[in-house]
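Each chain is listed here by its residues.
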Amino acid sequence: MATIEAFAPAKINLTLHVTGRREDGFHLLDSLVVFADLGDRLWLRPARQAGLSVTGPMAAGVPADARNLALRAARLIGAAVDIRLEKTLPAAAGIGGGSSDAAAVLRALRQMGHALPDRLEDLGADVPVCLLARAARMSGIGEVVEPVEGLPALPAVLVNPRVAVSTPDVFRRLERRDNAPMGPIPQNGDRTAFIDWLAAQRNDLQPAAESVAPVIGGVLRGLEAEGALLARMSGSGATCFGLFDTPEAARAAAGRLSAARPGWWVAPTVLNSA
Ligand SMILES: C[C@](O)(CO)[C@H](O)COP(=O)(O)OP(=O)(O)OC[C@H]1O[C@@H](n2ccc(N)nc2=O)[C@H](O)[C@@H]1O
Ligand SMILES: Nc1ncnc2c1ncn2[C@@H]1O[C@H](COP(=O)(O)OP(=O)(O)OP(=O)(O)O)[C@@H](O)[C@H]1O
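In this numbering scheme, every chain counts its residues from 1 along its sequence in written order. Working convention: letters from A go to chains and numbers from 1 go to ligands, in the order in which they are written. Per-residue local features of the predicted model are confined to residues with pLDDT of at least 70, and side-chain atom pairs are confined, for both listing and counting, to 80 or more; whole-chain, interface and lining totals are unaffected and use all residues. With hydrogens and water excluded, all non-hydrogen atoms of the structure serve as input to the side-chain values.

- Under the annotation held in an unreviewed UniProt entry, the chain carries the name 4-diphosphocytidyl-2-C-methyl-D-erythritol kinase and is attributed to Jhaorihella thermophila.
- UniProt positions are given in the numbering used here, feature names are shortened, and annotations may be inferred rather than shown by experiment. Note on the chain: under the UniProt heading Sequence similarities (unreviewed entry), the record states "Belongs to the GHMP kinase family. IspE subfamily."
- Per its UniProt entry, the chain bears the Pathway (unreviewed entry) comment "Isoprenoid biosynthesis; isopentenyl diphosphate biosynthesis via DXP pathway; isopentenyl diphosphate from 1-deoxy-D-xylulose 5-phosphate: step 3/6."

And the structure:
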């Protein structure tokens, strides 16, 4: 059988409300998730046993062994495939790199005729939403995923200051775990009204992530200084997104930010463009 190519888009939590904690320590979330038009690429081909190689500009430090979520996804369903993973998304960055890679492998294997198991959140809380890879409201600990229609496409800039942030560390540092859920999501496609609504929502992990990586505050201010209509952190950080009026405005802001901060990963994109 021929090689199958798969795309693992960056996942962005436009909002991330922490609404409680389960007995097992996992947190209850209420999050509006969308996907970017940039991400990792994978190629899968049948082999005698499951295997993985990792290349690309963001490959450094990403495990290529049994810890890698792409390989774990293939092994979970007993698929003998050789996977080549080209990393362009920074790891441990709050944009679901590993989860989106795992979900891309699952989509490709489903296309190759494999059945997927019911409990995907065991691979990672973000895997169910990444399997859908379209705008969705995510709740429970990540296992409840409801598609959301009628959101506008959002020109954006993603910025990661190249500081890895550990998700469990951020959850451990939370001061409150019983915050209010999101309000009803406006779904009439009006960008200005949608961004106004977003501004009234939150990422409840942002203060805890800033205590791990204070540079996040500088990233948010940098995006605002470049004209972002709204700047906020995604997931458990440290990647932040800034929303802009047009793709041209996003590209221009990204150019200025990368010139000013050559050490940062800066990427213009359009969120929710699928
Ligand atoms: C913060 C988010 O990125 C929001 O989309 C996700 O909830 C995290 O997703 P993920 O990276 O796939 O996370 P996992 O690998 O499942 O979990 C990493 C760790 O984060 C904490 N964790 C994660 C998800 C959740 N709902 N509650 C938690 O408390 C747990 O300590 C867990 O051991
Ligand atoms: N395919 C993968 N790509 C990147 N990191 C991976 C992968 N598989 C396993 N890892 C490990 O997972 C850790 C977390 O990386 P990942 O990119 O998944 O985090 P994240 O972007 O913070 O995820 P989330 O947004 O879901 O919290 C990395 O430090 C790395 O050791």
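## Some words on the site of ligand 1
Okay, step 1: Each residue is tested against the molecule or strand, and it is near if at least one of its non-hydrogen atoms lies within 4 Å. Ligand 1 sits among 17 residues. The nearest are Lys11, Asn13, His27, Ala125 and Asp126.
Okay, step 2: N or O atoms closer than or at 3.5 Å make up a polar contact, with two conditions inside protein: a donor-capable atom paired with an acceptor-capable one, and, for residues adjacent in sequence, both atoms drawn from side chains. Here an oxygen atom of ligand 1 and a side-chain polar atom of His27 are 2.7 Å apart.
Okay, step 3: In the environment of ligand 1, an oxygen atom lies 2.7 Å from a nitrogen or oxygen atom belonging to the backbone of Ala125.
Okay, step 4: The protein chains shown are the only cover counted for residues, whose accessible areas, like all others here, come from Shrake-Rupley with a 1.4 Å probe. Coverage of ligand 1 by the protein amounts to 80% of the 640 Å² it exposes when considered alone.
Okay, step 5: Numbering of helices and strands starts at the N terminus; helices are DSSP runs of H or I of at least 4 residues and strands are runs of E of at least 2. Elements supplying a minimum of two residues to the shell around ligand 1: strand S1 (4–21), strand S2 (27–46) and helix H4 (167–172).
Okay, step 6: Grouping the constituent residues of the shell around ligand 1 by class yields nine nonpolar, six polar and two charged.
Okay, step 7: Marked domain ranges trace back to an automatic or database domain assignment. Counting contributing residues, the shell around ligand 1 receives three or more from each of domain 1 (4–147) and domain 2 (154–271). Gly falls in the polar group here, along with every residue not listed as nonpolar (Ala, Val, Leu, Ile, Met, Phe, Trp, Tyr, Cys, Pro) or charged (Asp, Glu, Lys, Arg).

## Quick word on the domain arrangement of the chain
Okay, step 1: Domains assigned within the chain are domain 1 (4–147) and domain 2 (154–271).
Okay, step 2: For domain 1 and domain 2, the distance between their C-alpha centres works out to 21 Å.
Okay, step 3: Contacts were defined at the residue level, with two residues in contact if any of their heavy atoms lie within 4.5 Å. Opposite the 31 residues of domain 1 that make contact, domain 2 presents 40 residues.
Okay, step 4: By buried area we mean how much accessible surface two parts lose on assembly, using a 1.4 Å probe and totalling the loss over both. Counting each side, the surface lost to burial between domain 1 and domain 2 is near 2700 Å², with a carbon and sulfur contribution of 63%.
Okay, step 5: Contact with domain 2 buries surface across domain 1, with Leu14, His17 and Val18 losing the most and accounting together for 22% of the total.
Okay, step 6: Here, a salt bridge means any Lys or Arg side-chain nitrogen found within 4 Å of an Asp or Glu carboxyl oxygen. Taken together, the links from domain 1 to domain 2 amount to zero salt bridges.
Okay, step 7: With 12 residues, the single largest contributor to the side of domain 1 that touches domain 2 is S1.

## A short note on helix H1 (residues 69–76)
Okay, step 1: Per-residue accessibility, obtained with a 1.4 Å probe over protein chains only, is compared with the maximum for each type, and a residue is labelled buried under 20%, exposed over 50%, and partly exposed between these values. Buried within H1 we find Leu69, Ala70, Leu71, Ala73 and Ala74.
Okay, step 2: Among the structural elements, S2, strand S3 (51–55), strand S4 (81–86) and helix H2 (97–111) are those in contact with the buried residues of H1.
Okay, step 3: N-capping of H1 is provided by Asn68, with a side-chain oxygen placed 2.9 Å from the backbone N of Ala70.
Okay, step 4: One or two steps after H1, the chain reaches Gly78, where phi turns positive at roughly 65°.

## Description of the site of ligand 2
Okay, step 1: Close to ligand 2 lie 21 residues, the nearest being Lys87, Gly96, Gly98, Asp101 and Asp126.
Okay, step 2: The contact in question runs from an oxygen atom of ligand 2 to an N or O atom on the backbone of Ala93, over 3.2 Å.
Okay, step 3: The backbone of Gly94 places a nitrogen or oxygen atom 3.0 Å from an oxygen atom of ligand 2.
Okay, step 4: Within the complex, the protein chains bury 79% of what would otherwise be the 610 Å² of accessible surface of ligand 2.
Okay, step 5: Ranked by residues supplied to the shell around ligand 2, first place goes to H2 with four residues.
Okay, step 6: The residue inventory of the shell around ligand 2, partitioned by class, reads eight nonpolar, eight polar and five charged.

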